[in-house]
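One-letter residues, chain by chain:
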Amino acid sequence: PPMPERLAATEAARTACMAELDALGAVYETGAAVDDPDVADCGIVHPVTLSEVLPGVALTPPAPMRCETALALARWTRDFGQPAAERLGRGALTEIRQGTVYNCRGRSSDSDTMSEHAFGNAVDIMAFGFADGADVAVEPREREGTMAEAFQDAVRASACLEFTTVLGPGSDAAHADHLHLDVKSRRGGFRLCQ
């Protein structure tokens, strides 16, 4: 079967995932399957369109994804993003600005292999917004010595505790301006964090 069908969660797993999203206070809508008539391996059988990761933390713009992806994003934001924002001194984290979630395409490094974006497994984060200070855009910051660099380093490093792939500035040219986070399942629970 096509990849979206192989990745589709059981009804019990979907119910449990949405119950946890509800308990976290995420704001989302369920809808019809997302598919691509030209590429059978693209799509999401049971998408959730996430608009608020946690209460007061918008995902801009809202985007469809698998529930597992939304849940990883919500947990990571609660456990690591919000505490790191408290240390930053720009007020509460209010926004996660995404560049791509679902997108039927191949990987940038290997066009013959489908991207995790093609299945709703991935989120590309471009910037973080705060209640009382300037945004933190994801960008190369090596040895900058700023609180923005410390925040970006902290959220990037902690992302590997919720996501199985974390790529960003310095991993390759294609990820120089964003954090790529995905929930790709690999044998033995292997995580790729660069």
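Relevant structure appears above.
What you see is a predicted model, and the numbers here were worked out from it, not measured in a lab.

The rules behind these values
Residues numbered from 1 in each chain as written. Predicted model: local features only at pLDDT ≥ 70, side-chain atom pairs only at ≥ 80, totals over all residues. Heavy atoms only, no water. Helix = DSSP H or I, 4+ residues; strand = E, 2+ residues; numbered from the N terminus. Expected span 1.5 Å × (residues − 1). Buried < 20%, exposed > 50% of the residue type's maximum accessible area, 1.4 Å probe, protein only. Arc of directions from axis to C-beta. Contact = heavy atoms within 4.5 Å. Disulfide = S-S within 2.5 Å. Phe/Tyr/Trp six-rings, centres within 6.5 Å; stacked < 30°, edge-to-face > 60°.

A. Spatial organisation of helix H2 (residues 11-24). Counted at 1.5 Å a residue, the expected span for H2 with its 14 residues is 20 Å, and the 20 Å between its end C-alpha atoms agrees. Of all the positions in H2, only Arg14, Cys17, Leu21 and Leu24 are classed as buried. With its buried residues spanning 90° around the axis, H2 presents them on a single face. Seen from the open side of H2, the exposed residues pointing more than 90 degrees away from its buried face are Glu11, Ala12 and Ala23. Next to the buried residues of H2 lie strand E1 (27-30), strand E4 (48-54) and helix H3 (67-88). Gly25, located one to two residues past H2, shows a positive phi value of around 90°.

B. Focus on the state of the cysteines. Under the defined criterion, the tally for this structure stands at 3 disulfides. Between Cys17 and Cys67 runs a disulfide, and the two sulfur atoms are separated by 2.0 Å. Every disulfide takes its handedness from the sign of the S-S torsion; for Cys17 and Cys67 that torsion is -105°, giving left-handed. A residue pair is termed long-range when its members are at least 10 positions apart, and Cys17 in helix H2 and Cys67 in helix H3 qualify at 50 residues. Residue class for Cys17 comes out buried when judged on its relative accessible area of 7%. Note on cysteine connectivity: Cys42 is disulfide-linked to Cys104, with sulfurs 1.9 Å apart. Where Cys42 bonds to Cys104 through sulfur, the torsion about that S-S bond is close to 80°, and the disulfide is right-handed. One end of the pair, Cys42, is in the loop between strand E2 (34-35) and strand E3 (43-44); the other, Cys104, is in the loop between strand E6 (93-100) and strand E7 (122-130), and 62 residues separate them in sequence.

C. Inspection of the packing of aromatic side chains at higher detail. Inspection of the entire model under this criterion finds 4 aromatic pairs. Measuring from centroid to centroid gives 6.1 Å for Trp76 and Phe163, while their planes differ by 80°, and the two rings are edge-to-face. Pair noted here: Trp76 is in helix H3 and Phe163 is in the loop between helix H4 (147-159) and strand E9 (165-167), with a separation of 87 residues, a long-range link. Each member of the pair, Trp76 together with Phe163, is buried. An aromatic cluster of three or more residues is present, and its members are Trp76, Phe128, Phe130, Phe151 and Phe163.

D. The arrangement of unusual backbone geometry in detail. Put simply, Thr60 and Pro61 share a cis peptide bond, and its omega is -15°. As for its position among the elements, Pro61 is in strand E5 (residues 57-65). Its identity is not glycine, yet Arg143 carries a phi of approximately 60°, on the positive side. Tracing the backbone through its elements, the reader meets Arg143 in the loop between strand E8 (136-137) and H4.

E. Broad picture of the environment of Glu142. Locating Glu142 in the fold gives a position in the loop between E8 and H4. Sequence separation of Glu142 and Asp153 is 11 residues, and the distance between their C-alpha atoms is 9.6 Å.

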